[in-house]
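# Remarks on the overall topology
Chain residues, written in single-letter form:
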Amino acid sequence: MRNPSAYEADIAVLGSGASGTHGLLRILALLTDRMSSTDDMISIAVIERDQQFHSGIPYGHRSGGSSLLISALESFLPDRERSEFIGWLEERREEMLDWATDGRTPDSTLAKLMDRDWILRHEDEVRAGRWDDLYLPRRLYGQYLSELVERAVEAARGLVEVDFLHADVNEVIGDGHGGAHLRERNSDGEVLFEVHAHSVLLAIGSPPVRSLAVSDVPVDAGRATTDAGSATVDDLLDTGLVADIHTPEIEHVIEKIRVRLESLPAEKRTILLIGGNADALEFLLASHRLRQDTGARLSILSSRGRPHYWHHDLPGEQASTPILDHLFATAEAGAPLRARDLHAAVRAEVTAAISQGNVNSTIAALITAVGSSLRYMDDFELCSMATDHGVAISDLLRRAGGDSLDFLTDGIADGSITCIPGRFREAHVREDMLFATVDQLPGSAPNPGDEAASNDAQRYPDHGYAVIVNGTGFERVTDTRSPLLRQMLGSGTVRASAARTGLSLDEKFQAAPGIFVLGPLIAGHHHGGSAYWHIESVARIIQLADAVTDSLVTETISKRSMRQPLLTS
């Protein structure tokens, strides 16, 4: 690894999470296919601000050993990639089983990637090789990606030179010739790092998580200035405020919460978790042992109490989608399918499924149907899906499962977990506790069986907690605190999509000449009969990597041919 003050590259990959890594792997494969040993080498700079490459937040050190994939392996990866990953897992199966049997920590990276508790819970499935149904430890996939990159770089040796560079890039400026300057500047404006790239793959992931309105303490992760002076992330954690469960990493956050809880009497050991997204489930799982050890009680605040997708499948449940079936029948007959009608149909089907007790099977059927619905839509309706209705439909069709739901169900049953209906407004500090103000939404009510939420809802608006955890999801691009996105938008280098969830792109997935986008910032884009409103899943990223990198590599080689003798195509 090098960390030069100035650097020239044919391609810069900015971000080394799942999007950047799959983009890099595809770029290397394409260049290896298109070039020969007589060509001048293509130079690639992979730039990552974190200490760890090829993992991003979900699959690296910032997620804990207990953190699991948000879906079962069967739906996490496409068939070919899943088969290869399972082969990698099979090579480590005996080591996992030995660890479960004798309890001795493996003398390998395996012990850093996962908790033994997970193996003990799933020993039978691991022993039988039933990987598809498992919610695997996330770090396993991060290690797998790292090894894939190592092999791909070696295979491209002599054709492609890859440098992995550490920098916190906060400025991207077009060079006027289809390339860009990527810089890291300090607070005084001094350039600490610079790369000039002729093509850029912008793969920086989602914007930061939304901030919470909390008075009397700073709420931004990192350093934030208040009347009391300057506060670090640890200062916030000492106060009981978790602004981001992954800052600096979830295991550190859990340990700081443990220290705070153990400093308080038992009756004050309470945690409020705000939100019902993937981060909320990850915290629920990561905090399981902590809550057992300290006797802490967990309250989960979301708009309708316990989210409808936070339930296991019921025995024998079968999907039922009569409203959507009728809508599709009319579309097959030639009637145009409107995005708003699809949204209304999905909402009605989910509402009916909740009352009938077949919500999980119905949601599975609806997810498949929504994907196929785009072929009935014209360009206007595809735009409407990408910018408005698609996001709302995805919110209705969220799914959850695995170990997190097991612990949730057990906690609700034994009274250690309570689900509260409402929306967080603000919190303030009083003495040694954080007090939350909650708005109860019109018509909100706890789910059947959540009696504790029904009894306690009225008193929660002024209830004190030892810890408040933010699980509310990501900011919109136009509202973001990300210095890089703010600079790129403010300078006019890029524009936000109409949905404000991503960047405005052309048909080649370019946000600006030579700046190609892969990952969550594609959200809000549509073209060629496709619409994109949610680009978080690895399977979706892999699918899009082909189209994005094919355009990027073609353009990179074209630019080289203008500067040097024509490369072999």
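In short, a report on the structure. Within any chain, residue numbers begin from 1 and follow the written order of that chain's sequence. pLDDT decides what is reported in this predicted model: residues at 70 or higher carry local features, side-chain atom pairs at 80 or more are listed and counted, and totals for whole chains, interfaces and linings draw on all residues regardless. Only hydrogens and water are removed before side-chain values are computed, so all heavy atoms of the structure are retained for them.

### A closer look at the overall build of the protein chain
Each helix and strand in the protein chain was counted, giving 20 helices and 21 strands. Here the C-alpha radius of gyration of the protein chain, 24 Å, is about what a compact globule of 569 residues would show, namely 25 Å. For the C-alpha atoms alone, the extent of the protein chain along its principal axes is close to 75 × 65 × 55 Å. In the protein chain, which comprises 569 residues, the proportion classed as buried is 55%. Between two residues, a contact is recorded if the distance between any of their heavy atoms is within 4.5 Å. Counted over contacts in the protein chain with a minimum sequence separation of 6, partners at least 24 positions apart contribute 72%. Accessible area of the protein chain: about 24700 Å², with a carbon and sulfur share of 48%. A positive count includes Lys and Arg, and a negative count includes Asp and Glu. His and the chain ends are not counted in either. Just so you know, the charge point we use is NZ for Lys, CZ for Arg, CG for Asp and CD for Glu. Where the 53 positive side-chain charges of the protein chain centre and where its 83 negative ones centre are 2 Å apart. Where helices and strands are cited, they refer to DSSP runs of H or I of at least four residues and of E of at least two residues respectively, numbered from the N terminus. The quantity called the radius of gyration is restricted to C-alpha atoms. Its globule counterpart is 2.2 Å times the number of residues to the power 0.38. The cut-offs for exposure are 20% and 50% of the maximum accessible area for each residue type, with area from a 1.4 Å probe on protein chains only; residues under the lower value are buried, those over the upper are exposed, and the others partly exposed. Areas reported here follow the Shrake-Rupley algorithm with a probe of radius 1.4 Å; residue values treat only the protein chains shown as occluding.

### Some remarks on helix α14 (residues 339-356)
Each residue after the first adds 1.5 Å to the expected span of a helix. Taking 1.5 Å of rise per residue, 18 residues should cover 26 Å, and α14 covers 26 Å from first to last C-alpha, within 8% of that figure. For α14, the elements touching its buried residues are α13 (322-332), α15 (359-373) and α16 (379-396). Backbone geometry just downstream of α14 places G357 in the positive-phi region, at approximately 80 degrees.

### A closer look at the pattern of salt bridges
Side-chain pairs of opposite charge can arise where the charged atoms are in close proximity. Between Lys or Arg on one side and Asp or Glu on the other, a salt bridge is scored when a side-chain nitrogen of the former is within 4 Å of a carboxyl oxygen of the latter. Overall, the coordinates contain 33 salt bridges when judged by the stated rule. For D117, the salt bridge identified is with R289, shortest N-O distance 2.3 Å. Linking D117 in helix α6 (residues 116-121) with R289 in helix α12 (residues 288-294), this pair joins segments that are 172 residues apart in sequence. Residues E255 and R258 are paired through a salt bridge, measuring 3.9 Å at the closest nitrogen-oxygen approach. Linking E255 with R258, this pair stays in helix α10 (residues 250-262), spanning three residues, or about one helical turn. Here E255 falls in the partly exposed class, since its relative accessible area comes to 41%.

### So, the sheet that holds strand β15 (residues 433-439)
Between any two strands, pairing holds if DSSP finds at least two bridges. With mixed pairing, the four strands of this open sheet are ordered in space as β7-β14-β15-β16. The sheet terminates laterally at β7 (214-215) and β16 (463-465), the two strands that pair on one side only.

### Topic: the pairing of strand β14 (residues 423-430)
Both β7 and β14 contribute to a ladder of two bridges, which runs parallel. Residue V214 lies in a different strand from β14, and its bridge partner there is A427. Pairing of β14 with β15 involves seven bridges; the strand directions are antiparallel. Paired with R423 across the bridge in β15 is D439.

### Let's talk about unusual backbone geometry
Look at the link from T247 to P248: it is a cis peptide, with omega at -5 degrees. Take P248: it is sitting in the loop between β10 (241-242) and α10. Its identity is not glycine, yet E431 carries a phi of approximately 55 degrees, on the positive side. Tracing the chain through its elements places E431 in the loop between β14 and β15. Even without being a glycine, F509 presents a positive backbone phi close to 65 degrees. Relative to the assigned elements, F509 resides in the loop between α19 (483-490) and β18 (510-512).

### Topic: the environment of I86
With respect to the helices and strands, I86 occurs in helix α3 (residues 79-90). C-alpha separation for the pair I86 and T32, spaced 54 residues apart in sequence, amounts to 26 Å. Setting aside anything within four residues of it in sequence, one finds I86 in contact with L73, W131 and D132.

### So, the nonpolar core
In this structure, L31, I44, I47, Y141, L182, W310 and I522 are the most contacted members of the largest nonpolar core, which totals 133 residues. Beyond its immediate chain neighbours, meaning those up to four positions away, W310 contacts G275, G276, N277, A280, L281, L284, I300, A400, L405 and L408. Working definition of a nonpolar core: buried Ala, Val, Leu, Ile, Met, Phe, Trp, Tyr and Cys residues. They are joined through side-chain atoms within 4.5 Å.

### Digging into helix α8 (residues 138-155)
With 18 residues, α8 ought to run about 26 Å at 1.5 Å a step, and its terminal C-alpha atoms sit 26 Å apart, in line with that. Of all the positions in α8, only R138, R139, L140, Y141, G142, Y144, L145, E147, L148, V149, A152 and V153 are classed as buried.

### Some points on the packing of aromatic side chains
Pairing of aromatic rings covers Phe, Tyr and Trp, the last through its six-membered ring, and needs centres within 6.5 Å; plane angles under 30 degrees mean stacked, over 60 mean edge-to-face, and all others mean tilted. If you walk through the whole model with that rule in mind, you get 12 aromatic pairs. Ring geometry for Y59 against Y141: centres 5.5 Å apart, planes inclined by 75 degrees, an arrangement best described as edge-to-face. Within this pair, whereas Y59 is found in the loop between β2 (42-48) and α2 (73-76), its partner Y141 is found in helix α8, the two being separated by 82 residues in sequence. Accessibility assignment for this pair places Y59 and Y141 in one class, buried. Grouped by ring-pair contacts, the aromatic residues Y59, F76, F85, W88, Y141 and Y144 constitute a single cluster. Put simply, a charge is over a ring when the Lys NZ or the Arg CZ is close to the ring centre, within 6 Å, and near the line of the ring normal, within 35 degrees. Across the ring face of F435, the terminal group of R430 is positioned such that the distance to the ring centre comes to 3.8 Å.

### Section: the sheet that holds strand β12 (residues 297-302)
Two strands in a sheet stick together by hydrogen bonds in their backbones, pointing the same way (parallel) or opposite ways (antiparallel). What the five strands build is an open sheet, ordered β10-β17-β11-β12-β13; its pairing is parallel. Edge positions in the sheet fall to β10 and β13 (417-421), since each has one partner strand and no second.

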